[in-house]
Amino acid sequence: GQQLNQSPQSMFIQEGEDVSMNCTSSSIFNTWLWYKQEPGEGPVLLIALYKAGELTSNGRLTAQFGITRKDSFLNISASIPSDVGIYFCAGQGSSNQFYFGTGTSLTVIP
Amino acid sequence: NAGVTQTPKFQVLKTGQSMTLQCAQDMNHEYMSWYRQDPGMGLRLIHYSVGAGITDQGEVPNGYNVSRSTTEDFPLRLLSAAPSQTSVYFCASGRQGAQYFGPGTRLTVT
């Protein structure tokens, strides 16, 4: 199946710091999605991107659809303890299938 | 709206038993899908449907069956459970370009 490489695998940061994570694909995607998952819960959609170069914000979160259409980036500014969780990227190409990255585990130290 | 609902929340099966995981959505979404989530492997697509009466295989379909008789419901059937099917199962629904997840079913096969 399609491989999405998500990095970093885990992050430990101080409260107030900014966070950056990215996702790369071996194929071109038409849609990039970013999710957050907390323990025992399903993934929650944070941001959806539909156009190469698109930059979209949701509060302190900003995501970008890479120009090559093979990558996407998520930034979190001024992190707070409730940002803790696992962040997943997902991409959809010309098929109806979505492919997911393996996740970035974020720990925020107060 | 209840969104995406899944039942049961937890299930323990013995090897060889069969069961159906239920998924329902009340958002009139055409697209529905089933994923399994295993440690370190992200979310992998099992089966998906782009509308009532239409289903297709995802990345890991073996051992699972689905049907889509209505827009609202998309049950996942395990015909003969195996220990390798121990996982957390998520159902998702959406329109073109985005998916919304249910709370998950944690399945253990002994």
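Coordinates for the structure precede this section.
Below or above, wherever it landed, is the structure these notes cover. Predicted, not measured: the structure shown is a model, and the values here were computed from it. (Residues numbered from 1 in each chain as written. Chains lettered and ligands numbered in written order. Predicted model: local features only at pLDDT ≥ 70, side-chain atom pairs only at ≥ 80, totals over all residues. Heavy atoms only, no water.)

Attention shifts here to the overall build of chain B. In terms of regular secondary structure, chain B is built from zero helices and eleven strands. Beginning at the N terminus, the succession of helices and strands in chain B can be written as β-β-β-β-β-β-β-β-β-β-β. Relative to a compact globule of 110 residues, whose C-alpha radius of gyration would be 13 Å, chain B shows 13 Å and is just as compact. If you line up chain B on its principal axes, its C-alpha atoms span 35 × 25 × 25 Å. Within chain B, the proportion of its 110 residues that are buried is 51%. Carbon together with sulfur atoms contributes 51% to the accessible area of chain B, which is approximately 5000 Å² in total. (Helix = DSSP H or I, 4+ residues; strand = E, 2+ residues; numbered from the N terminus. Rg over C-alpha atoms; globule rule 2.2 N^0.38 Å. Buried < 20%, exposed > 50% of the residue type's maximum accessible area, 1.4 Å probe, protein only. Areas by Shrake-Rupley, 256 points an atom, 1.4 Å probe, with all protein chains shown as cover.)

Contacts between the two partners involve 19 residues from chain A and, on the opposite side, 23 residues from chain B. A combined buried area of about 1600 Å² lies between chain A and chain B, and 55% of that area is made up of carbon and sulfur atoms. Connecting chain A to chain B are zero salt bridges. The tally of links between chain A and chain B comes to three residue pairs in polar contact (both at pLDDT 80 or more). (Contact = heavy atoms within 4.5 Å. Buried area = accessible area lost by both parts, 1.4 Å probe. Salt bridge = Lys/Arg side-chain N within 4 Å of Asp/Glu carboxyl O. Polar contact = N/O pair within 3.5 Å; in protein donor to acceptor, adjacent residues only side chain to side chain.)

All names here are of chain B. Taken in spatial order, the four strands make up an open sheet running β1-β3-β8-β7, and their pairing is antiparallel. The sheet is open, and its two borders are formed by β1 (4-7) and β7 (64-66), each paired with just one other strand. Here the average twist between neighbouring strands, direction ignored, is 20 degrees. Both strand β3 (residues 19-25) and strand β8 (residues 76-78) contribute to a ladder of three bridges, which runs antiparallel. By the bridge assignment for β8, Leu21 is matched with Leu76. (Pairing = 2+ DSSP bridges. Axes fitted to C-alpha atoms, helices over the stretch in contact; angles between N-to-C directions.)

For the rest of this paragraph, the subject is the pairing of β3 of chain B. Residue and element names in this part refer to chain B. Burial along β3 is one-sided: the face carrying Met19, Leu21, Cys23 and Gln25 is buried and the face carrying Thr20, Gln22 and Ala24 is not. Bridge count for β1 against β3 is four bridges, and the pairing is antiparallel. The residue bridging Gln6 from the neighbouring strand is Cys23, located in β3.

Right, let's talk about the sheet that holds strand β3 (residues 19-25) of chain A for a bit. All names here are of chain A. Read across the sheet, five strands follow the order β1-β3-β8-β7-β6 without closing on themselves; strand pairing throughout is antiparallel. The open sheet has two edge strands, β1 (4-7) and β6 (55-58), and neither has a second partner. The sheet shows a mean angle of 15 degrees between the axes of neighbouring strands, direction not considered. Judged from the six bridges that link them, β3 and strand β8 (residues 71-76) form a sheet pairing that is antiparallel. By the bridge assignment for β8, Asn22 is matched with Phe73.

Moving on, we get to the pattern of salt bridges. Any two side chains of opposite charge can pair if their charged atoms end up close together. In the structure shown here, the tally under the stated rule is four salt bridges over all chains. Arg60 of chain A is the partner of Asp83 of chain A in a salt bridge, and the nearest nitrogen-oxygen pair spans 2.8 Å. A residue pair is termed long-range when its members are at least 10 positions apart, and Asp83 of chain A in the loop between β8 and β9 (85-92) and Arg60 of chain A in the loop between β6 and β7 (61-65) qualify at 23 residues. What makes Asp83 of chain A buried here is its relative accessible area of 5%. Its relative accessible area of 27% is what places Arg60 of chain A among the partly exposed residues. For Asp38 of chain B, the salt bridge identified is with Arg36 of chain B, shortest N-O distance 2.9 Å.

Turning to the nonpolar core, a few remarks are in order. Grouped together as the largest cluster of nonpolar side chains are 22 residues, with contacts concentrated most on Trp32, Trp34, Leu74 and Leu106 of chain A. The residues contacting Leu106 of chain A, other than those within four sequence positions of it, are Met11, Ile13, Val19, Ile76, Asp83, Val84, Gly85 and Tyr87 of chain A. With 19 residues, the next largest nonpolar core counts Cys23, Met32, Tyr64 and Cys91 of chain B among its residues. (Core = buried A, V, L, I, M, F, W, Y, C linked by side-chain atoms within 4.5 Å.)

So, on to unusual backbone geometry. A cis amide bond, omega -5 degrees, links Ser7 of chain A with the succeeding residue Pro8 of chain A. Assignment of secondary structure puts Pro8 of chain A in the loop between β1 and β2 (10-14). In this model, Thr7 of chain B is joined to Pro8 of chain B through a cis peptide bond whose omega is -5 degrees. Take Pro8 of chain B: it is sitting in the loop between β1 and β2 (10-13).

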